[in-house]
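Summary of structural features
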Amino acid sequence: MFKKALLTLLLMAAVSQAAIQELIPDLKSEDLKSQKRALLDVLAACSQASAPDASEEDRKAICLEMCQVLKDNPPVQEVALPVLSNLERIGAEESVPTLEKLLNHDDEHVRDGARRALVANPSDAASQVLGAQLKNRKARSPVETAGLIYALGERQQSGASRLLVGALHSKDSQVFTAAVKALGMLNEDVGIEALMARRVREKGLRLALIDSELLASGRPEVFEQLMNKAETDPLRAAAFMGIVLSGDTSKVSDAISSKNPALQVAVIEAAKQNNDPQLVDEVAGNLNSLPPYNQVKALIVLEFSGNRKYAQWVEPLLQSEDREVRANAANALARIGTDDSVLPLIACGNAEARRALGRLDAEGVDGQLELLAASGDADSRAMAIEALANRARRDLTPTFLVYAAEDNREVASAAAKAMARVGDDSNIKAMVQLMMVKEDAPVSRDLLTGIVEIMRRSLDASAAVLVLVADMDGARPRSQANILKVLAESGSPDALDPLVNACRSSDEQLQKTAIKALGGWQDVNGIPAMLGLAADESLSLTNHVILMRGVSRIYAAKKPNEVSKVDLQKALDTCRRQEERDALQTTYDKARG
Amino acid sequence: MSAKTTMSRKNFLRASAMGAAAVAAPTVIPSRAMGFSGFTAPSNRLTFGFIGMGLIVRGHFSGTLNRTDCQVLAVCDVDRAKREKYMKQVSAKYGNADCGCYNEYEKILERSDIDAVYVTTPDHWHVPIALDAVRAGKDVYVEKPMSLTIREGRILSDAVRRHGAVLQVGSQQRSGYTFGKAAELVRNGYIGNVHTIYAQLGSFSPARVLPEQEIPDGFDYERWLGPTPWFPYNKERVKGAFGGGWRCFWEYGARKNGDWGAHHYDIIQWALGMDDSGPEFFFPKGYDEMGCQGYKYTNGPTIYRDYRKLKFDSMIEFYGDKGSIGVGRAGDLQTDPGDLKNLPLSPGDTHLRATETHRDNFMNAIKTRKKTIADVEIGHRSATICHLSAISERLNRTIEWDPSKEEILGDAEAAKWMDRPRRAPYTL
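On a predicted model such as this, the values are computed, not experimentally measured, just so you know.

Calculation criteria
Residues numbered from 1 in each chain as written. Chains lettered and ligands numbered in written order. Predicted model: local features only at pLDDT ≥ 70, side-chain atom pairs only at ≥ 80, totals over all residues. Helix = DSSP H or I, 4+ residues; strand = E, 2+ residues; numbered from the N terminus. Buried ≥ 20, exposed ≤ 12 C-beta atoms within 10 Å, placed from the backbone. Contact = placed C-beta atoms within 7 Å. Rg over C-alpha atoms; globule rule 2.2 N^0.38 Å. Domains from an automatic or database assignment. Nonpolar A, V, L, I, M, F, W, Y, C, P; charged D, E, K, R; others polar. Pairing = 2+ DSSP bridges. Expected span 1.5 Å × (residues − 1). Axes fitted to C-alpha atoms, helices over the stretch in contact; angles between N-to-C directions. Parallel < 35°, antiparallel > 145°, perpendicular 65-115°, else oblique. Core = buried A, V, L, I, M, F, W, Y, C linked by C-beta atoms within 7 Å. Left-handed = near helix turned anticlockwise from the far one by under 90°. Arc of directions from axis to C-beta. pLDDT = per-residue confidence, 0-100.

Focus on the overall build of chain B
- Per the secondary structure count, chain B includes 14 helices and 17 strands.
- When the 428 residues of chain B are sorted by exposure, 55% land in the buried category.
- Taking contacts inside chain B between residues at least 6 apart in sequence as the whole, the part at least 24 apart equals 70%.

See below:
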């Protein structure tokens, strides 16, 4: 690899030594590949000559060489434009005279290429040339005038504003736009005054552009003028925010407590942007008197302040009639709440409050939640259990198992779901046993789902399968069915063998349940086992159909290119009935395209 | 259905005088009246204009058109066939012919009845349009990478803040489960100190010199080129294709560093908690024994692009002194140790994962004014990495970068690439 890098460096050095003139024939070549190679060689030569460790003489020499190429009036497209773009990158004072001449070239693209090269040229002479062009050349198109005006703005040429203010009167949108933006970039007194004077005569997009530049000026005196009561509320608000962000907070209290929502938003937005303690205090202090749509914005400020002292102002809003306010209050408390926020969040109970309880990182929160989980009304207990799981309290899995065994449906369900969230392989046995004990209760379904979730993320699914199979022996039919469902829904290849064994059981009930479970298998890896069983002539037609429909469903869920036609043919050959064969045939036809 | 007649629900700073028509109306309307509390009155839908009707707009367009709380009021493209195709879809959906259909984006920005715009053009138009939209008081969803140059990204970021606008960058991996989970694990130290990261970007063929062709009827090539240097028309130059087309050309973007870097480098920034900063050293292929292009964070990891011998064969792989993570699209999340990905976060951890889709996050931010998950400063900083990587690749040399001052150090020519002079009469 180092050899390759060395080779690249050597090649680049060689190119830099080659005269640009020598590359001109290739640049002009009709062979586009030769042209491309030559373009890259010119770029490499220029990059080499302007690298930090190159000499100024090398850079100047290659620029003068490119200027000479341009003086020879080369073909525009193939030579002049790419050479100009390289001068744009590495040219300095030595290039200015040539570029100046090219501003009057016959070809508009060359003229603009020269202008752009002057824009990027570090020499003061470039500014003088651009300014002189703007002053002296009268028969210029609006496009070129706009280009020259904008160029002076981009170069931040001190004193250039006086040259540009006249263009604010232009009816041509390109010239006008360039002048407004250039004056904004220059941000000189004369230009800003001209923009202020002009804005009273403008409307629509033209006025919007002027106002945008005035707001960007960062000048408090401009903001004060834009605060005039004759202006629109939105503009006054933006200007007021500028005043506040520039450090003058004297009118903040009046604004936030005013009935003017736009000024309120200005304070809120300023507080959001600079997180100034005084501003945030003002926002918090007026939180309750704000209209709901501004309360939402204010809550976001308090959330990102990170300051817990604001929690007391936020908590009452959890009971707001406005859904968005409640949601944002909960979000805020997730970040700035205290242990005092736990009960209000529980009482609120919306999705955001539940999530907040899982994230609230304050002393005493876990203790409060544990107490709430242990006693109280079922709703609160369930929510506290959920929160503790969301807080990754893996140490509480024994407690969750105890709660899952309770008769209260809500508490038991929350606890089973908590097990699903934080449990691991070591909890499977206990969960299976509880599922068997509670086989008639709704929580058995939650436990089943939980076991499946744990198995799906298990790194040792085969061990988990062994635990399940061991418990299946001697279990009642309903529990056996549940375990078989777990095996099937887990999707673990390790679960296939025990499922197939159960499908071959002499216990008719067990066999039926197992066939049903296997028929619900989701992945193609189960198909060989399913077909193997379905091909068995001793299997009842009903069980055969369940399995073949399962096979058909798995194939139908796959993209045609993911389905092996050979395997599909095997499945077709296994079908006993035309109905299943037809369904598979449709999939087969799709796969065949 | 007529265009929206009531005031927008957005009661934030609309600094522009574009809202002249709205001045007579109240600035704000109580949220309940605006349907903020669980229902959306038809007259208070969020209203959208779409600018750029190419490949990437399809999901955004259908995802917006089919929402009951949104209304598409206008479409814009420099290709007449494309804009008319989408205009017809809007007309068919709403059963009227009210949808604006424009060649010039300014016509969308002039409309005070439009709340927000999607900017789904090629990269070189992202900032010029987004910036004008913010000036005109619109909120913006702009595709990734957010900018063509570092300087224009900074200008847009400052303007968004100044105007109190909402902007979402289309780096939607931030809203995906696997990337969020991976970022959380890295950010919270679950794999220890991260020393190496690999990102798979792939590569484009070198852009070719193309012969001139006739400009098709109905295609405004001058506008398509916009602020970029003039080149003769060729359909390959303007073609929208994920594997090539305009994406191959330096003039319109940062090639793969921008195309996929805007996704993967963005996730790396997020995971490392560097959203308002960035790496400080960039190097081209051949810089070290890895043979890859890349960059390095001071006192942080080195990122290598397109290194092939990976553990997980994932799009992005993080390696720390306590473990590793591979993450990609379509649910790819792998960890070593294997159960790392299953660990629930504790309250003390930083939670990053999104709870809504990328587009919903934008829509909700328009209503609440909350920062989006990929806001303008994030988009700017991620795009900066794309651009600095591209500059390093283009000049075939190392670049030193000061992320606090946003300056390239000790290399005047490289520093010039932080911006590109615009073709007249185009401005920022």
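So, the overall build of chain A
- Each helix and strand counted, chain A has 37 helices and 0 strands in total.
- The globule rule puts the C-alpha radius of gyration for 593 residues at 25 Å, and the 38 Å found for chain A is more than 25% above it.
- With the C-alpha coordinates aligned to their principal axes, the bounding extent of chain A is approximately 105 × 70 × 50 Å.
- Burial analysis of chain A (593 residues in total) assigns 51% to the buried set.
- Pairs at least 24 residues apart make up 62% of the contacts formed inside chain A by residues separated by at least 6 positions.

Quick word on the domain arrangement of chain B
Residues and elements named next belong to chain B.
- Looking at chain B, the domain boundaries give domain 1 (17-172) and domain 2 (177-354 + 376-428).
- Domain 1 and domain 2 are separated by 26 Å when their C-alpha centres are compared.
- Taken together, the contacts link 32 residues of domain 1 with 34 residues of domain 2.
- Broken down by secondary-structure element, the contributors of at least two residues to the side of domain 1 that touches domain 2 are α3 (80-94), α5 (126-135), α6 (150-163) and β6 (167-169).
- Of the residues forming the side of domain 1 that touches domain 2, the biggest block, 9 residues, is contributed by α6.
- Partitioning the side of domain 1 that touches domain 2 into residue classes produces 17 nonpolar, 8 polar and 7 charged.

Topic: the pairing of strand β12 (residues 302-305) of chain B
All names here are of chain B.
- Where strand β7 (residues 194-199) and β12 come together, 4 bridges link them in parallel fashion. In the strand pairing of β12, Thr 196 is matched with Thr 302.
- In this structure, strand β11 (residues 294-296) lies alongside β12, joined through 3 bridges in antiparallel fashion. When the sheet's bridge partners are listed, Gly 294 is paired in β12 with Tyr 304.

Points about helix α9 (residues 142-154) of chain A
Residue and element names in this part refer to chain A.
- Spanning 13 residues, α9 covers 18 Å between terminal C-alpha atoms, matching the ideal 18 Å at 1.5 Å per step.
- Most of α9 is tucked away, with 11 of its 13 residues classed as buried.
- The set of residues buried in α9 consists of Glu 144, Thr 145, Ala 146, Gly 147, Leu 148, Ile 149, Tyr 150, Ala 151, Leu 152, Gly 153 and Glu 154.
- Looking at the buried residues of α9, the elements they touch are α7 (108-120), α8 (124-136), α10 (161-164) and α11 (173-186).
- Positive backbone phi, at 55 degrees, marks Gln 156, one or two positions downstream of α9.

Brief notes about the packing of α7(A) against α9(A)
Residue and element names in this part refer to chain A.
- At a minimum axis distance of 10 Å, the contact between α7 and α9 shows a crossing angle of 10 degrees. Comparing the axis directions of α7 and α9 gives the class roughly parallel. Residue-level inspection shows Arg 111, Asp 112, Arg 115, Leu 118 and Val 119 of α7 in contact with α9, the latter providing Glu 144, Gly 147, Leu 148, Ala 151 and Glu 154.
- The class makeup of the residues in the contact of α7 with α9 is 4 nonpolar, 1 polar and 5 charged.

What to know about the sheet that holds strand β5 (residues 139-142) of chain B
Residue and element names in this part refer to chain B.
- Strand order in the open sheet formed by 6 strands is β3-β2-β1-β4-β5-β6, with parallel pairing between adjacent strands. Looking at which strands have only one partner, the edges of the open sheet turn out to be β3 (100-102) and β6. Looking at each pair of strands side by side, their axes are set apart by 20 degrees on average, direction ignored.
- Looking at chain direction, strand β1 (residues 46-51) and strand β4 (residues 116-119) are connected through 4 bridges and run parallel.

Observations concerning the nonpolar core
- By size, the foremost hydrophobic cluster in this structure holds 303 residues, and its most contacted members are A:Ile149, A:Val267, A:Val283 and A:Ile385.
- Mapped onto the domain boundaries, this core takes at least three residues apiece from domain 1 (17-172) and domain 2 (177-354 + 376-428) of chain B.
- Judged by nonpolar contacts, the second largest core, of 8 residues, contains B:Val78, B:Trp246, B:Cys248 and B:Tyr252.

Here's the deal with the sheet that holds β7(B)
Residues and elements named next belong to chain B.
- Judged by pairing direction, the sheet is mixed, and its 9 strands sit side by side in the order β15-β14-β13-β7-β12-β11-β10-β16-β17 without closing on themselves. Each of the sheet's edge strands pairs with one partner strand only, and the pair in question is β15 (333-336) and β17 (407-409). Averaged over all pairs of adjacent strands, the angle between their axes in this sheet comes to 20 degrees, without regard to strand direction.
- Sheet analysis places strand β13 (residues 316-320) next to strand β14 (residues 324-327), joined by 4 bridges and oriented antiparallel. Each bridged residue has a counterpart across the sheet, and for Glu 317 the counterpart in β14 is Gly 326.
- Along the sheet, helix α7 (residues 177-187) contacts β7, β13, β14 and β15; its crossing angle with β14, the most-contacted strand, is approximately 160 degrees.

Considering the environment of A:Asp377
- Relative to the elements of secondary structure, A:Asp377 occurs in the loop between α24 (365-374) and α25 (378-390).
- As a C-alpha pair, A:Asp377 and A:Gln312 span 65 residues in sequence and 25 Å in three-dimensional space.

Quick look at the interface of chain B and chain A
- With 63 residues of chain B at the contact, the number on the chain A side is 76 residues.
- For the side of chain B that touches chain A, the secondary structure elements donating two or more residues are α1 (20-23), α4 (106-109), α6 and α14 (412-416) of chain B.
- When residues in the side of chain B that touches chain A are grouped by element, the largest group, 3 residues, is from α6(B).
- Per-class residue counts for the side of chain B that touches chain A are 25 nonpolar, 21 polar and 17 charged.

Some thoughts on the packing of helix α4 (residues 56-71) of chain A against helix α5 (residues 76-90) of chain A
All names here are of chain A.
- Closest axis-to-axis distance for the α4/α5 pair is 10 Å, and the angle between their directions is 150 degrees. As far as their axial angle goes, α5 and α4 are roughly antiparallel. In this structure, the crossing between α4 and α5 has a hand that is left-handed. Residues Arg 59, Cys 63, Met 66, Val 69 and Leu 70 of α4 lie in contact with α5, whose contacting residues are Val 79, Ala 80, Val 83, Asn 86, Leu 87 and Ile 90.
- Along the lines of polarity and charge, the residues of the contact of α4 with α5 split into 9 nonpolar, 1 polar and 1 charged.

Some points on the environment of B:Arg161
Residue and element names in this part refer to chain B.
- Inspection of the secondary structure puts Arg 161 in helix α6.
- Overall, the presence of 19 C-beta atoms within 10 Å leaves Arg 161 in the partly exposed class.
- Counting along the chain gives 215 residues from Arg 161 to Val 376, while the straight-line C-alpha distance between them is 8.8 Å.

What about helix α26 (residues 397-404) of chain A?
All names here are of chain A.
- Of all the positions in α26, only Thr 397, Phe 400, Leu 401, Tyr 403 and Ala 404 are classed as buried. Take α26 and look down its axis: the buried residues cluster within an arc of 160 degrees, on one side only.
- Those residues of α26 that are buried are in contact with α25, α27 (409-422), α28 (428-437) and α29 (443-456).

Notes on the confidence of the model for chain A
- In the predicted model, chain A carries a mean pLDDT of 92, and the fraction of residues at 70 or more is 96%.
- Of the regions scoring below 50 in pLDDT, residues 5-17 of chain A engages in 14 contacts with residues more than four places distant in sequence or in other chains.

What about the confidence of the model for chain B?
- The predicted model of chain B has a mean per-residue pLDDT of 90, with 90% of residues at 70 or higher.
- Prediction confidence for the complex, expressed as pTM and ipTM, is 0.90 and 0.89 respectively.

Let's talk about the pairing of β7(B)
- Both β7(B) and β13(B) contribute to a ladder of 5 bridges, which runs antiparallel. Bridge pairing in β13(B) places B:Ile197 opposite B:Phe318.

Examining unusual backbone geometry
- In this structure, the amide linkage connecting B:Lys144 to the following residue, B:Pro145, adopts the cis form with an omega of -15 degrees.
- With respect to the secondary-structure elements, B:Pro145 resides in the loop between β5 and α6.
- A cis geometry characterises the amide bond from B:Ala424 onward to B:Pro425, with omega recorded as 5 degrees.
- Its identity as a non-glycine residue notwithstanding, A:Asn73 has a phi of 50 degrees, on the positive side.
- According to the C-beta neighbour criterion, A:Asn73 is exposed, with 12 such atoms within 10 Å.
- One non-glycine residue, A:Ala392, lies in the positive phi region at around 65 degrees.
- Position of A:Ala392 among the secondary structure elements: in the loop between α25 and α26.
- With 18 C-beta atoms counted inside 10 Å, the residue A:Ala392 sits in the partly exposed group.

Considering the environment of B:Asp313
Residues and elements named next belong to chain B.
- With respect to the helices and strands, Asp 313 occurs in the loop between β12 and β13.
- Overall, the presence of 13 C-beta atoms within 10 Å leaves Asp 313 in the partly exposed class.
- For the pair Asp 313 and Gln 200, spaced 113 residues apart in the sequence, the C-alpha separation amounts to 9.2 Å.

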